[in-house]
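Given next are the chains, with one letter for each unit.
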Amino acid sequence: MSATDNMSAVRPDLIEKVTGRAAYVTDLAIPGMLHGFVVRSPAIHARIVSIDTSAARSVDGVVDVLTGDDVASFGCWGVVLKDRPIIAIDRVRYVGEPVAVVIAETIEIAENAAELVNVEYDELPRATTIQEAIMDNAPLIHERHENLEDFYFKGGARPTQNSNVFHTYRNSVGDVDAAEAAAAYIHEDRFTFPAISHFAMEPHAVIADFRGDSLTVWAGAQTPTAVQKVLSRLYQLPLAKVRVIVPFVGGGFGGKASVKIEPLVAAASWKVQRPIRIAQSMIESMLTCRRLGADITIRTAVDAKGRILAKSAKLLLDGGAYSDTGSAVATKAANRIMGPYVVPNLRLEASAVYTNTIPGAAFRSIGGPQAVWAKESHMDNVASAIGMDPAEFRLLNFASRGERIRPDLRALDMDMGELMGRVTQSFAAKAQSSNRRASGLAVAATDPANTPISNAIVRLKIDGSILVSVSSIEIGQGAHATMARIAAQTLKQPPSAVTVLRTDTAVAPYDWGTGASRSTVVVGLSVENAALDAADQILEMVADVWELPRESLSLVEGGISTGSEVLTFHQIFHRALGVDSGEVIGRGAITPRSKKGALAESPLFWETSAGLAEIVVDEDTGEIHVPRYASAADVGRVINRVAAEGQDEGAAVMGFGHALHEALEFEDGQPINATPIDYSIPRISDVPPVFDTILVENGDGPGPGGAKGMGEGAILPVAPAIANALFSTYGIRITDLPMTPEKVWRALQKRS
Amino acid sequence: MLPSPFEFDRPSTIEDAIRGVGESGDGMFYSGGTELLLAMKMRVIHTDRLIDIKGIFGLNRICLNEANDIEIGARCTHAKIASDPVIREHVPALSSLCANVANIRVRSVGTIGGNLCFGEPHADPPTLLAALNARLVLIGRDGTRVVPADDFIRSELETIREPDELLTLIVFPCPNGPVTYRRFKHGERPSVNVAMAWSIDAGKATIKGARVRVGALGSRPQPLKVVEDALRGLPVREVRSAIEAVLTTALDELEVNEDRHGGADYKRHLAGVLLLRNVEEAISVGGGA
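Here the structure is a predicted model, which means the values were calculated and not measured.

Turning next to the packing of aromatic side chains. Residues and elements named next belong to chain A. Counted under the stated rule, the structure contains 16 aromatic pairs over all chains. Between Phe74 and Trp270, the aromatic rings sit 4.9 Å apart at their centres with planes inclined by 80°, giving edge-to-face as the arrangement. Taken together, the residues Phe74 in the loop between α4 (68-71) and β4 (76-77) and Trp270 in helix α9 (residues 262-272) connect sequence positions 196 residues apart. Stacked on the ring of Phe427, the Lys or Arg Arg628 has its end atom at 4.7 Å from the ring centre.

Okay, here's the thing in structure tokens:
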């Protein structure tokens with residue numbers, strides 16, 4: 001096999017991407033298309049006194065300028081809370097909020113004219129941090145909260161009226177107070193976690209074409225059906241008249257999930273009734289959304305033997321100026337701070353609050369890195385306080401396979417002790433560490449919100465080629481290659497026979513969206529069902545036309561074996577239909593009622609990970625080097641090994657960014673490093689020279705062939721594993737991320 | 001983001017380039033554009049006209065001249081300097097500095113002259129060039145002037161170069177002792193860097209003179225005079241103790257900004273760490289005896 005064949009076998013999109021042929025939204029041009037440039041708020045929280053667009057409008061080539069007045073009548077939109085105007089109407093709530101869109105013949109004209117839009121602001125009192133936002137007399141960032149129940153996620157938000165708290169989730173098991181009263185030891189810690197930028201290589205880019213009562217949108221959206229739904233409601237268009245087309249997407253990580261700039265671009269197109277393209281810069285996308293920062297207090301009570309008796313956690317999440325899916329992030333953060341331990345008494349409270357900063361959004365394992373950073377650092381602190389080895393302390397308290405971490409969640413479907421053992425052995429098998437090297441461990445078990453709702457269409461053509469149509473987005477993770485393999489395996493055809501269509505809601509059947517580690521399992525199952533349906537139809541055709549018993553027939557490469565001969569698909573269609581043409585269309589659906597309701601319980605599977613970091617600290621500078629890292633995940637079954645390992649490695653490297661480099665910083669609400677120059681992410685040279693990915697396969701997942709979802713777990717253990725190594729060997733405990741050299745150096749100074 | 005509209009000109013002589021910039025409005029010289037174009041796209045720098053100097057012959061030469069000075073054309077890219085045999089042989093520290101400036105895209109098109117003229121405090125080359133006692137040749141409408149690298153950067157993002165003066169050449173004496181450079185960075189640009197150049201006597205036992213510069217802490221590279229004084233005339237074997245004796249005093253004299261790269265005390269401390277590491281390297285590679 002040539003190198004390119006090899007790449008195509010792994011991922012059919014790779015050749016297109018490395019040769020630059022892959023088309024992203026920014027590469028598309030629609031006839032008659034105009035360009036929009038967004039004028040953004042420089043104010044942190046302000047009333048808009050006036051917007052003067054006359055100078056911009058008078059520029060040659062400027063077609064129109066969209067402002068809040070144009071769209072006020074459409075009202076607000078949201079996916080959980082309806083709190084967001086299409087464009088700022090009378091008030092701005094964060095630096096970077098869209099205030100006007102200059103629409104022009106060229107992008108150059110639009111951008112130049114944007115400098116001429118004159119906006120007068122009257123500053124309002126602001127709340128720019130969690131602490132400021134929850135003060136008694138804090139200025140209200142939103143006066144009222146309109147909840148959309150079951151709109152995007154099951155359930156909705158639980159806002160506190162007349163406050164900036166837009167959601168609070170509580171869950172309690174047993175009696176924490178009584179357990180603490182009986183405990184041998186109680187330990188409490190507080191951790192903080194910064195806002196983090198998604199930093200996808202492709203910034204948000206959208207083309208919208210509003211024509212009369214129909215709207216077509218080209219967007220790098222992870223959840224095209226959510227975009228379709230929000231646009232349909234906002235502009236009062238039938239769903240069938242709203243078409244969302246998703247070409248290649250250059251990374252999303254949650255930053256392109258739910259709905260982002262699509263309503264804004266659609267409004268611009270609505271105003272001029274021509275296609276409009278808005279392609280944001282990296283900086284603009286950094287001002288569009290980010291991971292929620294957190295302030296977490298966690299307390300554990302143990303008995304004399306080190307068994308956990310009770311755990312309580314209070315999590316405050318910084319949701320920024322608009323809620324987006326911040327309420328779900330808070331709920332998930334609470335769920336993700338528990339496991340994978342047996343905790344008989346539990347008290348969880350998580351709140352998401354508005355602040356005058358860039359809106360928070362979903363980001364790879366929503367709420368997970370915040371929660372796991374706190375809980376796994378805390379686990380080592382508790383172990384140390386009671387004089388136990390941290391690995392032993394974990395082993396003693398792990399929930400076993402089949403045991404419930406909390407009564408309302410599915411029982412743990414894997415062996416956590418095995419996973420931890422695998423990363424530990426990974427190091428032991430290699431050369432001995434020198435004595436200056438320290439290692440630290442962390443584990444995670446998270447409950448992906450993988451919503452078992454999906455549809456797929458699989459079409460078997462007369463020549464044996466197969467077309468798969470799903471709403472899963474190929475966002476770089478290899479979802480389409482995975483769907484191709486599932487269809488190929490089910491129909492017993494080579495993967496090269498399968499083509500997966502880029503997503504277009506006009507063609508692709510409904511699916512909830514690409515995120516929450518759900519595609520391989522949920523969409524994969526619907527592809528498997530659709531392929532089985534197609535197989536059924538072609539087998540039935542042979543049984544009927546050739547008058548053979550159905551049991552004697554089986555699919556083989558290129559056709560169907562009758563036992564005595566192989567009929568090609570060509571022969572089958574030709575004889576059955578009388579002409580040399582045709583196809584069968586298989587349909588597969590997954591709902592919470594599929595598989596006798598087995599998919600309904602949450603989570604569909606536990607996404608689990610263990611990480612072991614070996615670090616060396618330059619004590620003179622505080623710089624942390626990570627020469628070795630081992631990452632393990634129970635994935636049930638690997639469908640595409642290169643892609644699966646890539647997802648695990650990619651998630652872990654993103655975790656290195658969170659651990660050592662990244663924080664989107666604000667000074668009194670003003671973003672101070674929201675540029676690719678000032679915001680630092682890991683480079684290839686920062687990746688540990690020795691990196692082990694261990695994928696545990698027991699074929700016991702709910703997906704095709706026993707697969708579980710993956711791709712979000714490996715980000716979780718990295719920061720606490722590194723922090724635990726710092727703690728055990730260097731005697732310092734870092735409680736806020738990232739662990740910059742200066743922070744480490746200061747902690748080392750304080751220690752000595 | 002896109003820059004505001006501008007004209008583009010590519011003259012073939014220095015004279016035409018200077019005339020082109022000076023004509024009217026605010027033209028600017030352009031070569032790699034790795035800083036300038038970014039700033040124009042972010043609209044923090046506005047210019048009517050870019051004068052591309054890549055068409056001018058001879059601005060990208062590197063040689064050791066008859067006066068035993070090393071000459072580097074201002075338009076040499078970092079990548080070219082990094083791989084140049086003359087630089088590799090005589091100033092390996094500069095070669096390695098240029099091999100590690102920013103990232104591979106910047107090194108491929110960004111130039112040493114452009115780096116100097118931008119006046120960015122968190123940059124690598126200015127510190128080492130100042131330690132090498134480099135002279136910068138500026139050609140303007142009224143003739144040529146030569147200024148020491150130490151005086152070139154006036155303050156943050158500001159140099160003494162007039163807008164219609166073209167930096168053409170960087171010249172410095174071929175080192176006759178170890179030259180060392182270290183930086184600390186956690187992000188795109190160095191937080192602090194330290195360069196040190198010794199001239200050594202023929203027997204390789206005594207330091208005749210030393211130039212030490214600390215960069216990125218203030219608006220421009222700063223000399224560590226106390227350390228230079230302590231090293232002058234000192235036998236190499238006594239260097240460690242001599243520097244340790246004056247280090248605190250020397251570091252206290254530095255002007256240190258608090259910025260995103262760290263607190264003043266931390267960065268001052270880092271300067272000391274880098275200096276001592278440079279000293280160890282200088283002793284092992286050059287001091288020899």
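Moving on from the coordinates now.
Before going further, it helps to examine helix α14 (residues 416-428) of chain A. Residues and elements named next belong to chain A. For α14, spanning 13 residues, the distance from its first C-alpha to its last is 19 Å, which sits close to the expected 18 Å at 1.5 Å a residue. Every buried residue of α14 is listed here: Met416, Leu419, Met420, Val423, Ser426 and Phe427. Across the axial projection of α14, the buried residues extend over an arc of 115°, all falling on one side. Seen from the buried face of α14, the exposed residues on the opposite side, beyond 90 degrees, are Gln425 and Ala428. Each element contacted by the buried residues of α14 is listed here: α13 (390-397), β18 (438-446), β27 (607-618), β28 (623-634) and β31 (690-696). The N-cap residue of α14 is Asp415: its side-chain oxygen and the backbone nitrogen of Gly417 are 3.0 Å apart.

Moving on: the domain arrangement of chain B. When its domains are assigned, chain B resolves into domain 1 (7-54), domain 2 (62-173) and domain 3 (179-287). Spacing between the C-alpha centres of domain 1 of chain B and domain 3 of chain B amounts to 36 Å.

What holds strands together in a sheet is hydrogen bonding between their backbones, with the strands either parallel or antiparallel. All names here are of chain B. Sheet architecture is open: four strands sit in the order β11-β12-β13-β14, paired in antiparallel fashion. For this open sheet the edge positions go to β11 (179-184) and β14 (222-223), each flanked by a neighbour on one side alone. Note that strand β12 (residues 192-200) and strand β13 (residues 207-215) share eight bridges and pair antiparallel. Residue pairing in the sheet places Ala195 in a bridge with Arg213 of β13.

Take the interface of chain A and chain B next. Counting from both sides, the interface comprises 26 residues of chain A and, opposite them, 27 residues of chain B. For the pairing of chain A and chain B, the buried interface totals around 2200 Å² over both sides, and the portion due to carbon and sulfur atoms is 53%. Contact with chain B buries surface across chain A, with Glu111, Ile677 and Arg683 of chain A losing the most and accounting together for 25% of the total. There are seven salt bridges connecting chain A and chain B. Among the salt bridges present, the one from Glu115 of chain A reaches Arg43 of chain B, with a minimum N-O distance of 3.2 Å. Run the count over chain A and chain B and you get 16 residue pairs in polar contact (both at pLDDT 80 or more). Of all the secondary-structure elements, those providing two or more residues to the side of chain A that touches chain B are α5 (107-114), α18 (641-661) and α20 (741-751) of chain A. Looking at the side of chain A that touches chain B, its residues break down into seven nonpolar, eight polar and eleven charged.

With that settled, the discussion passes to the sheet that holds strand β2 (residues 27-30) of chain B. Residue and element names in this part refer to chain B. Sheet architecture is open: three strands sit in the order β1-β3-β2, paired in parallel fashion. The sheet terminates laterally at β1 (7-9) and β2, the two strands that pair on one side only. When the angles between neighbouring strand axes are averaged without regard to direction, this sheet yields 25°.

Scoring rules and cut-offs
- Residues numbered from 1 in each chain as written.
- Chains lettered and ligands numbered in written order.
- Predicted model: local features only at pLDDT ≥ 70, side-chain atom pairs only at ≥ 80, totals over all residues.
- Heavy atoms only, no water.
- Phe/Tyr/Trp six-rings, centres within 6.5 Å; stacked < 30°, edge-to-face > 60°.
- Helix = DSSP H or I, 4+ residues; strand = E, 2+ residues; numbered from the N terminus.
- Lys NZ or Arg CZ within 6 Å of the ring centre and 35° of its normal.
- Expected span 1.5 Å × (residues − 1).
- Buried < 20%, exposed > 50% of the residue type's maximum accessible area, 1.4 Å probe, protein only.
- Arc of directions from axis to C-beta.
- Contact = heavy atoms within 4.5 Å.
- Polar contact = N/O pair within 3.5 Å; in protein donor to acceptor, adjacent residues only side chain to side chain.
- Domains from an automatic or database assignment.
- Pairing = 2+ DSSP bridges.
- Buried area = accessible area lost by both parts, 1.4 Å probe.
- Salt bridge = Lys/Arg side-chain N within 4 Å of Asp/Glu carboxyl O.
- Nonpolar A, V, L, I, M, F, W, Y, C, P; charged D, E, K, R; others polar.
- Axes fitted to C-alpha atoms, helices over the stretch in contact; angles between N-to-C directions.

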